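So the chains spell out like this:
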Amino acid sequence: MDSTTIKQLDQQFVIQSWSKQANRDAKVVTHSDGIYFWDQNNKKYFDMNAQLIYANLGHKHPRIMNALAKINQLEISAPGFASASKSKLAKKIVELAPANMAKVYFTTAGAESNEQAMKMAKAVTGGYKIFSRYRSYHGSTFGAGNLTGESRRLGSEPSPPGFVKFDMPYVYREYQQYTSEQELSAQYLTRLERQINCEGPETIAALVIETIPGSNGVLLPPDGYIKGIETLCRRYHIMMICDEVMSGFGRSGEWFACNHYDVEPDLITFAKGVTGGYLPLGGVILSEQVAKHFDTNHFSSGATYSGHPLVCEIGNAAIAAYEELDTINHVKRMEKVLGERLQRLLAYKYVGDVRIKGLFAAVELVKNKVTKEPIIDYGSDYGKDTQGYMGAFTKLLSEEGFSTFNHESNVLITPPLTITTAEIHEAMDLFEKALVAFEELYPEMEEGHALNL
Ligand SMILES: Cc1ncc(COP(=O)(O)O)c(C=O)c1O
């Protein structure tokens, strides 16, 4: 089928996520290889968002292509059956996870993983309230949509009873005085503890965090914050759930981002990177304590495709590929290279902040570096046709062949974890070219009120 027909049928028959449907302009990926893909006009792009932060092994990885070619030899079997690929993958994931983890429940996506984790926490604690943070994204199904804190939550509201939001540190935009990150963390944790007490600790089943919030701009937690969350969870017998759908499987330079912060969550949710994005798979990792609960209590969930053997086989191939590539150490090395390039961006007029952990990075744009007025107002890219200055910048990036994702005033830089030093430099040269063009296009910007959001 030619690209024009593909686009026309897509426009006519497919509902596209998070957009008005009329006059969309979806690209067609006609070819891909490593960190690159080509569109219907044969234009080459650096895939600096790894599609949707899932193509973490890049495109057409030989080991995965090989495994895909062979999965037709496997038997398919429903969740109630044991299969070699499912057993092997669950064991491997438990081995990679923090030491207290014991079992895996497989799902098909990130949102579904969060739905299941919430149910497990409710079953174990008897509580019904779920705490989560405003600047977070956890999926778009009814429960995960209401777990989400940012504006993409609004389409799922009103929420079922029990969803409670709390505020979190945003170091670049902090409005209160503090002398150290530890002190800042303590301020937020004190307020959170008060909120827990006001809500009634015995009513709370779980506290859910994206260990490092991703699509909201790679908001790195200040020192002591994640450990402090764990302490509060233990003090009040609340399940700590780390959503590692985006940050898991090497993205942050550890197998799971929670490994950076010396914590042992009760539940970890994952998806995306577990198969390098080649097939849809997600899941929940249960601590030994949570897993034990279900030895003698009914596990009240199920799904037709939980632990599908063919999909699990691709999960095994992806993890084998990550290990073969020594991905964790490679990501740590590449973090230095990309980190240095990001620091250079701070010299540009509209770059307010840069943040990076592993190959999980964001560039935050502002209209004015002194007032830190965001390049677009909070929530203004939700359900709107235009993204104002941000839309203009990402168009320039795309014209340069730098493909990525932006949300609010942040541009994510989250390439396949296989990216090399030379590729990072080439891609970031394109990013800088786009920034130069952006400054030429907007030597001045219309400033509004200096919202310290
Ligand atoms: C942190 C996080 N949690 C959950 C989800 C939802 O995953 P899915 O789109 O597979 O349902 C996402 C998706 O981007 C995510 O980034």
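Model, not experiment: these values are computed from the prediction.

## With respect to the overall build of the chain
Then step 1. Helix and strand content of the chain: 13 helices and 16 strands.
Then step 2. Since a compact globule built from 453 residues should have a radius of gyration of about 22 Å, the 22 Å found for the chain is in line with a globular shape.
Then step 3. Based on the C-alpha atoms only, the size of the chain along its principal axes is roughly 65 × 60 × 45 Å.
Then step 4. Looking at the chain as a whole, 55% of its 453 residues are labelled buried.

## Notes on the environment of Leu-396
Then step 1. When you line up the elements, Leu-396 lands in helix H12 (residues 388–400).
Then step 2. Residue Leu-396 is classed as buried on the basis of its relative accessible area of 15%.
Then step 3. Separated by 34 residues in the primary sequence, Leu-396 and Leu-430 place their C-alpha atoms 9.6 Å from one another.
Then step 4. Aside from chain neighbours lying at most four places away, what touches Leu-396 is Ala-434, Ala-437, Phe-438 and Leu-441.

## So, the pattern of salt bridges
Then step 1. Applying the stated rule across the entire model yields 25 salt bridges.
Then step 2. Ionic pairing is found between Asp-295 and Lys-103, a salt bridge with its closest N-O pair at 3.9 Å. Highlighted residues: Asp-295 in helix H9 (residues 288–296) and Lys-103 in strand E4 (residues 101–107), separated in sequence by 192 residues.
Then step 3. By relative accessible area, which is 45% here, Lys-103 ends up partly exposed.
Then step 4. The salt bridge partner of Lys-367 is Glu-373, with a shortest N-O separation of 3.3 Å.
Then step 5. Among the residues examined, Glu-373 registers a relative accessible area of 2% and is labelled buried.
Then step 6. What you see here is one network of salt bridges that share partners, running through Arg-173, Asp-353, Arg-355 and Glu-364.

## What to know about helix H5 (residues 110–125)
Then step 1. Helix length check: H5 (16 residues) gives 23 Å between terminal C-alpha atoms against 22 Å at 1.5 Å per residue, within 8%.
Then step 2. For H5, the complete set of buried residues consists of Gly-110, Ala-111, Ser-113, Asn-114, Gln-116, Ala-117, Met-118, Met-120 and Ala-121.
Then step 3. Following H5 by one or two positions, Gly-126 has its phi on the positive side, about 80°.

## Thoughts on the sheet that holds strand E6 (residues 163–166)
Then step 1. If you walk across this open sheet you meet the seven strands as E4-E10-E9-E8-E7-E5-E6, and the pairing is mixed. Either end of the sheet is taken by a strand with one partner, and the two such strands are E4 and E6. Averaged over all pairs of adjacent strands, the angle between strand axes in this sheet comes to 20°, irrespective of strand direction.
Then step 2. As defined by bridge partners, strand E9 (residues 267–270) adjoins strand E10 (residues 282–287) across four bridges and the pair is classed as antiparallel. The residue of E10 that forms the bridge with Ile-268 is Ile-285.

## Concerning the domain arrangement of the chain
Then step 1. Domain assignment breaks the chain into domain 1 (3–57 + 326–441) and domain 2 (67–324).
Then step 2. Taken over C-alpha atoms, the centre of domain 1 sits 25 Å from the centre of domain 2.
Then step 3. Every contact between the two is made by 39 residues of domain 1 and, on the other side, 41 residues of domain 2.
Then step 4. Of the roughly 3,400 Å² buried between domain 1 and domain 2 on both sides combined, carbon and sulfur atoms contribute 59%.
Then step 5. Of all residues in domain 1, Leu-57, Lys-357 and Phe-360 bury the most surface against domain 2, accounting for 21% of the area lost on that side.
Then step 6. One salt bridge connects Lys-332 with Glu-254, and the closest N-O pair in it is separated by 3.4 Å.

## Concerning the state of the cysteines
Then step 1. The full count for this structure, using the stated rule, is zero disulfides.
Then step 2. The thiol of Cys-233 is not disulfide-bonded; the next cysteine sulfur, from Cys-242, is found 8.7 Å away.
Then step 3. Residue Cys-258 stays outside any disulfide, its sulfur separated by 5.0 Å from that of Cys-242, the closest cysteine.

## Focus: the site of the ligand
Then step 1. In the neighbourhood of the ligand, the contacting residues comprise Ala-109, Gly-110, Ala-111, Asn-114, Tyr-137, His-138, Gly-139, Glu-210, Asp-243, Val-245, Met-246 and Lys-272.
Then step 2. Here an oxygen atom of the ligand sits 2.9 Å away from a polar atom, N or O, in the main chain of Gly-110.
Then step 3. Between the ligand and the protein, one listed contact pairs a nitrogen atom with a backbone N or O atom of Tyr-137 at 3.4 Å.
Then step 4. Relative to its unbound accessible area of 390 Å², the ligand is 81% covered by the protein chains.
Then step 5. A total of three residues in the shell around the ligand trace back to one element, the largest contributor, which is H5.

## Here's the deal with the environment of Leu-189
Then step 1. Along the chain, Leu-189 falls in helix H7 (residues 181–199).
Then step 2. For Leu-189, a relative accessible area of 12% translates into the label buried.
Then step 3. In this structure the C-alpha to C-alpha distance between Leu-189 and Tyr-178, which are eleven residues apart in sequence, comes to 14 Å.
Then step 4. When near neighbours in sequence (up to four residues on either side) are disregarded, Leu-189 contacts Gly-224, Tyr-225, Gly-228, Ile-229 and Leu-232.

## As for the pairing of strand E16 (residues 410–413)
Then step 1. Residue alternation in E16 divides its side chains into two sets, Asn-410 and Leu-412 and Val-411 and Ile-413, and both sets are buried.
Then step 2. Inspection of the sheet shows strand E15 (residues 406–407) paired to E16 by two bridges, in the antiparallel sense. In the sheet register, Asn-406 faces E16, and the bridge partner there is Val-411.
Then step 3. Adjacent in sequence and paired antiparallel, E15 and E16 are bridged by two residues, among which Glu-408 carries a positive phi angle near 55°.

About the thresholds
- Residues numbered from 1 in each chain as written.
- Predicted model: local features only at pLDDT ≥ 70, side-chain atom pairs only at ≥ 80, totals over all residues.
- Heavy atoms only, no water.
- Helix = DSSP H or I, 4+ residues; strand = E, 2+ residues; numbered from the N terminus.
- Rg over C-alpha atoms; globule rule 2.2 N^0.38 Å.
- Buried < 20%, exposed > 50% of the residue type's maximum accessible area, 1.4 Å probe, protein only.
- Contact = heavy atoms within 4.5 Å.
- Salt bridge = Lys/Arg side-chain N within 4 Å of Asp/Glu carboxyl O.
- Expected span 1.5 Å × (residues − 1).
- Pairing = 2+ DSSP bridges.
- Axes fitted to C-alpha atoms, helices over the stretch in contact; angles between N-to-C directions.
- Domains from an automatic or database assignment.
- Buried area = accessible area lost by both parts, 1.4 Å probe.
- Disulfide = S-S within 2.5 Å.
- Near = heavy atom within 4 Å.
- Polar contact = N/O pair within 3.5 Å; in protein donor to acceptor, adjacent residues only side chain to side chain.
- Areas by Shrake-Rupley, 256 points an atom, 1.4 Å probe, with all protein chains shown as cover.

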